[in-house]
Amino acid sequence: MNRVYNFAPGPSTMPQEVLETAAREMLCYGDSGMNVMEMSHRSKQYQAIFDETEAVLRDLMHIPQEYSVLFLQGGATGQFAAVPMNLMTGSGRADYVDSGNFAHGAMVEAKKYGQARCVASSREDNYTYIPELNPADFDPEADYFYITTNNTIFGTRYASLPDTGKVPLVADMSSNILSEVYDITRFGVAYAGAQKNVGPAGLTIVIVRRDLLGRAMPTTPKIMDWTVMTDKGSMLNTPPTYAIYMAGLCMKWLKKQGGVEAIEKVNIEKAKLLYDVLDDSDFYRAPVQKPFRSRMNVTFTTPNPDLDAEFVKAAAAQGMVNLKGHRLVGGIRASIYNAMPVEGVEKLAAFMKKFETENK
Ligand SMILES: *Cc1c(COP(=O)(O)O)cnc(C)c1O
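Residues numbered from 1 in each chain as written. Predicted model: local features only at pLDDT ≥ 70, side-chain atom pairs only at ≥ 80, totals over all residues. Heavy atoms only, no water.

A. Structural detail: the environment of D280. Along the chain, D280 falls in the loop between α7 (259–279) and β11 (297–300). Measuring from C-alpha to C-alpha, the distance between D280 and K353 comes to 9.6 Å, with 73 residues separating the pair along the chain. (Helix = DSSP H or I, 4+ residues; strand = E, 2+ residues; numbered from the N terminus.)

What follows is the structure, encoded as structure tokens:
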């Protein structure tokens, strides 16, 4: 068996230890005589797995009891609609920062439900930075203020969070949840699809401050209603049981690595390995402005698209796969989430230097 270094943006690489545990438990979890995916979601045994997963997540992110933690389906894209449906019922207005393709998509979706206003955008400049935010521009009556903490496609990250005062800050954290320390109390709502930095696809984590519950539009489908889902412990209907179990294994693995505080340091080091190569080079170009560089998705190009393709192919031949940039931007993108070992990044950095020497 030859495992590759998988730089995919999502679904993405998982800790090998976690896969081994899942393999060991494939035919029989504990003394249950069955796999987790065969269990009733109403069984005691499954509820224990579910509760433990929530507890580890609360522990890793220091989530206080004033927040409800939900394990839902529908992906981050489902939450693009759920956010306005659950919150846009006061003034009917919300501020959106258009810092990337997913931020833009969320704003467009929200316009179906109310006045989603673009408060700042870097769209004209191909999303190569996080736009400057001036609190004087913020709508003080907005039902919420929406950001995307890490831009997966273009490779940018908020260096600091906006101060939105009384207006609840809502964040799509799909591609950097659990990768760096956030003070969750800065947010009204934080949510993430699991398939980038948490576990397998199929699970969407929503963390919502309880005082924001009870505001949903009457037309909100009940499976998207955070209040209903809170009351039902995320089990109004069948939750993504196996994805939750796998995410739980990943979270326990993260806890063993020292938690978010420790992995953040590793993530900074990993990103630096690649950005140092880019900064030392007049061959590669890194389009993102330095203060906004993502630690999770490192984007760059060679001098031309043919060489980009050559790079991706040659890297794959050496066991480093899925380095092709997003179809919207082209070039090369290395996604280096928590589960990507330092060795994988070191190998890529060495390959980048060698490729430069050979193709200059
Ligand atoms: C991947 C991604 C999405 C889309 O997630 P789905 O779970 O596929 O809906 C949304 N936002 C961000 C920031 C992402 O990285």
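From this point on, the discussion continues.
B. Broad picture of the sheet that holds strand β8 (residues 169–172). Ordered in space as β2-β10-β9-β8-β5-β3-β4, the seven strands form an open sheet in which the pairing is mixed. Edge positions in the sheet fall to β2 (67–72) and β4 (115–121), since each has one partner strand and no second. With strand direction ignored, the average angle separating the axes of adjacent strands in the sheet is 20°. On the sheet, helix α2 (residues 44–61) packs against β2 and β10 (204–209) and is oriented at approximately 130° with respect to β2. (Pairing = 2+ DSSP bridges. Axes fitted to C-alpha atoms, helices over the stretch in contact; angles between N-to-C directions. Contact = heavy atoms within 4.5 Å.)

C. Up close: the site of the ligand. Lining the immediate environment of the ligand, one finds 13 residues, of which T77, T152, D172, Q195 and K196 sit closest. In this structure, an oxygen atom belonging to the ligand sits 2.5 Å away from a side-chain N or O atom of T77. Q195 places a polar side-chain atom, nitrogen or oxygen, 2.9 Å from an oxygen atom of the ligand. In the complex, the protein chains occlude 85% of the 390 Å² of accessible area that the ligand would expose alone. Looking at the shell around the ligand, its residues break down into three nonpolar, eight polar and two charged. (Near = heavy atom within 4 Å. Polar contact = N/O pair within 3.5 Å; in protein donor to acceptor, adjacent residues only side chain to side chain. Areas by Shrake-Rupley, 256 points an atom, 1.4 Å probe, with all protein chains shown as cover. Nonpolar A, V, L, I, M, F, W, Y, C, P; charged D, E, K, R; others polar.)

D. Main features of the domain arrangement of the protein chain. Segmentation of the protein chain into domains returns domain 1 (17–256) and domain 2 (259–359). Relative to domain 2, the C-alpha centre of domain 1 lies at a distance of 27 Å. With 26 residues of domain 1 at the contact, the number on the domain 2 side is 25 residues. Note on domain 1 versus domain 2: buried area summed over both sides is about 2200 Å², and carbon and sulfur give 57% of it. Where domain 1 meets domain 2, there are 13 residue pairs in polar contact (both at pLDDT 80 or more). Among the elements of the structure, β6 (150–151), β7 (156–157) and α6 (241–256) are those that each provide at least two residues to the side of domain 1 that touches domain 2. Of all the elements, α6 adds the most residues to the side of domain 1 that touches domain 2, at three residues. The class makeup of the residues in the side of domain 1 that touches domain 2 is 10 nonpolar, 12 polar and four charged. (Domains from an automatic or database assignment. Buried area = accessible area lost by both parts, 1.4 Å probe.)

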